[in-house]
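Commentary on secondary and tertiary structure
Each chain is listed here by its residues.
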Amino acid sequence: MSTKRKWQGILIAMLTIIVPYLIMVSDPHIESSQSICPFKLLTGLPCPGCGITKSIIFFYKGDIIKSLTYHILGPLVILFCIVSVFVLTIEMITRKEYFNKVLYSSKVAYTLGFVLASYHITRLVIFVSHNSVTDILKQSIWG
Amino acid sequence: MSNSTLPVFKNDPIVVLILAVITCGLYLIYWNIKAAEVLNAVAEREILSQPIAIFSGCCTPVHLYYYYIAGKDGLPKLYERVGEPQKDQTVLLMVLGLIFPMVAAMVVQGEINKLYR
């Protein structure tokens, strides 16, 4: 990976960490805010990434249970971003690659994909069983 | 690398849109991995990390980065291979990726399909 891409990786990881913090500071009523996810607006159903920002915000607030309720991968995303910033910085200093084996592994990708897909299906089933069609539509642009 | 040795990932862009919507984004997880695999093969180096492609389904900044790399590094190599004039679709893909991720996937799928003509 080129140095330019490493800088960009650090920037993206930092943004992922900082943006939820800024939202937390600027919007104290985040729980009742309307989702801006295009999938949710279109179908009323959550997408695989829905709830991750709220999950990170509640992780920052120290409410781990609520954080995991919004999205089970929220704390993992934060951990991944912190590790990325750290490893990419070390790589640039030492001019060695430590991350490539994991970063470009198909096995890791398919495992993560399987975990995310399983979680998403479970969450969809729970969401549909706990909400009526009217409630689901209310969360979309059609309601 | 000849086109016959590239991983085959040919889909009608409309099918990508329909599958993305009816599976509530589940299909896009798989699509992200496969598109990264094809673009890496076209470039003959690892430009898009497949694990990052999974995270891009969860996290907006990573999602934008995915389309940035696809537009800056992936598609130019693809145009080079199919003999088409270069065009920079990075901004379009990033904007679509932010507002309509399924439409951004359709655009990239349309370009990927050119490999299998």
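Quick note: structure is the one above.
The shown structure was predicted, so the numbers you read here are calculated from the model rather than taken from an experiment. (Residues numbered from 1 in each chain as written. Chains lettered and ligands numbered in written order. Predicted model: local features only at pLDDT ≥ 70, side-chain atom pairs only at ≥ 80, totals over all residues. Heavy atoms only, no water.)

Below, the discussion takes up helix α3 (residues 52-60) of chain A. Looking at α3 of chain A, one finds that the buried residues are Ile-52, Lys-54, Ser-55, Ile-56, Ile-57 and Phe-58 of chain A. Note on α3 of chain A: the residue one or two positions beyond its end, Gly-62 of chain A, has a positive phi of about 90 degrees. (Buried < 20%, exposed > 50% of the residue type's maximum accessible area, 1.4 Å probe, protein only. Helix = DSSP H or I, 4+ residues; strand = E, 2+ residues; numbered from the N terminus.)

Excluding glycine, most residues fall at negative phi; most peptide bonds, likewise, are trans. Residue and element names in this part refer to chain B. Unusually for a residue other than glycine, Cys-24 sits at a positive phi of about 55 degrees. As for its position among the elements, Cys-24 is in the loop between α1 (13-22) and α2 (26-43). Even without a glycine there, the phi angle at Glu-44 is positive, about 60 degrees. Looking at the element boundaries, Glu-44 is found in the loop between α2 and α3 (50-56).

Okay, the interface of chain A and chain B next. The partner chain B presents 33 residues to the 34 residues of chain A that form the contact. Taking both sides of the interface into account, the surface hidden between chain A and chain B amounts to around 2800 Å²; carbon and sulfur atoms contribute 77%. Among the residues chain A hides against chain B, the three largest losses belong to Arg-5, Phe-39 and Tyr-104 of chain A. Together they make up 23% of the total. Taken together, the links from chain A to chain B amount to 1 salt bridge. Here Arg-5 of chain A ties to Asp-73 of chain B by a salt bridge, and the two come within 2.7 Å at their closest N and O atoms. (Contact = heavy atoms within 4.5 Å. Buried area = accessible area lost by both parts, 1.4 Å probe. Salt bridge = Lys/Arg side-chain N within 4 Å of Asp/Glu carboxyl O.)

The next subject is the state of the cysteines. All names here are of chain A. Within the structure shown, the criterion is met by 0 disulfides over all chains. Cysteine Cys-47 remains unbridged, with the sulfur of Cys-37 as its closest cysteine sulfur at 3.5 Å. On the accessibility criterion, Cys-47 (9% relative accessible area) is buried. Looking at Cys-50, it has no disulfide partner, and the nearest cysteine sulfur is the one in Cys-37, 3.5 Å off. (Disulfide = S-S within 2.5 Å.)

Here we take up the nonpolar core. Note on soluble globular proteins: their nonpolar side chains tend to be buried together. Counting 68 residues, the largest nonpolar core has Trp-31, Tyr-66, Tyr-67, Leu-78, Ile-112 and Leu-115 of chain B as the members making the most contacts within it. By residue number, the principal contributor to this core is α2 of chain B, which donates 13 residues. Core analysis: the second largest hydrophobic core is formed by 5 residues, Leu-45, Leu-124 and Ile-136 of chain A together with Cys-24 of chain B among them. (Core = buried A, V, L, I, M, F, W, Y, C linked by side-chain atoms within 4.5 Å.)

All right, on to the packing of helix α4 (residues 60-82) of chain B against helix α5 (residues 90-99) of chain B then. Residue and element names in this part refer to chain B. Contact geometry of α4 with α5 gives a least axis separation of 8 Å together with a crossing angle of 155 degrees. The pairing of α4 with α5 is recorded here as roughly antiparallel in orientation. At the point where α4 passes α5, the crossing takes the right-handed sense. Residues Thr-60, His-63, Leu-64, Tyr-67, Tyr-68, Gly-71, Lys-72 and Leu-75 of α4 form the contact with α5, whose own contacting residues are Thr-90, Leu-93, Met-94, Gly-97 and Leu-98. Among the residues forming the contact of α4 with α5, the class breakdown is 7 nonpolar, 5 polar and 1 charged. (Axes fitted to C-alpha atoms, helices over the stretch in contact; angles between N-to-C directions. Parallel < 35°, antiparallel > 145°, perpendicular 65-115°, else oblique. Left-handed = near helix turned anticlockwise from the far one by under 90°. Nonpolar A, V, L, I, M, F, W, Y, C, P; charged D, E, K, R; others polar.)

Bringing the pattern of salt bridges into the picture now. Counted under the stated rule, the structure contains 9 salt bridges over all chains. In this structure, the salt-bridge partner of Lys-6 of chain A is Glu-91 of chain A, at a minimum N-O distance of 3.5 Å. With Lys-6 of chain A in helix α1 (residues 3-26) and Glu-91 of chain A in helix α5 (residues 74-94), this residue pair connects regions lying 85 residues apart in the sequence. Residue Glu-84 of chain B is joined to Lys-114 of chain B by a salt bridge in which the shortest nitrogen-to-oxygen separation is 3.1 Å. Pair noted here: Glu-84 of chain B is in the loop between α4 and α5 and Lys-114 of chain B is in the segment after α6 (101-113), with a separation of 30 residues, a long-range link. Overall, Glu-84 of chain B belongs to the partly exposed group, its relative accessible area being 24%. Exposure remark for Lys-114 of chain B: the relative accessible area of 14% places this residue in the buried category. Within the structure, one salt-bridge network assembled from shared partners comprises Glu-84, Lys-87, Glu-111 and Lys-114 of chain B.

Glancing now at α2 of chain B. All names here are of chain B. Helix length check: α2, at 18 residues, gives a terminal C-alpha distance of 27 Å against a target of 26 Å (1.5 Å per residue), a fit within 8%. The buried fraction of α2 amounts to 16 of the 18 residues, a majority that puts the element mostly inside the structure. Two residues or fewer after α2 comes Glu-44, characterised by a positive phi angle close to 60 degrees. (Expected span 1.5 Å × (residues − 1).)

Turning to the side chain of Lys-34 of chain B, a few remarks are in order. Residue position: Lys-34 of chain B is located in helix α2. For Lys-34 of chain B, a relative accessible area of 13% translates into the label buried. Those residues in contact with Lys-34 of chain B that sit more than four places away from it in its chain are Tyr-110 of chain A together with Phe-9 of chain B.

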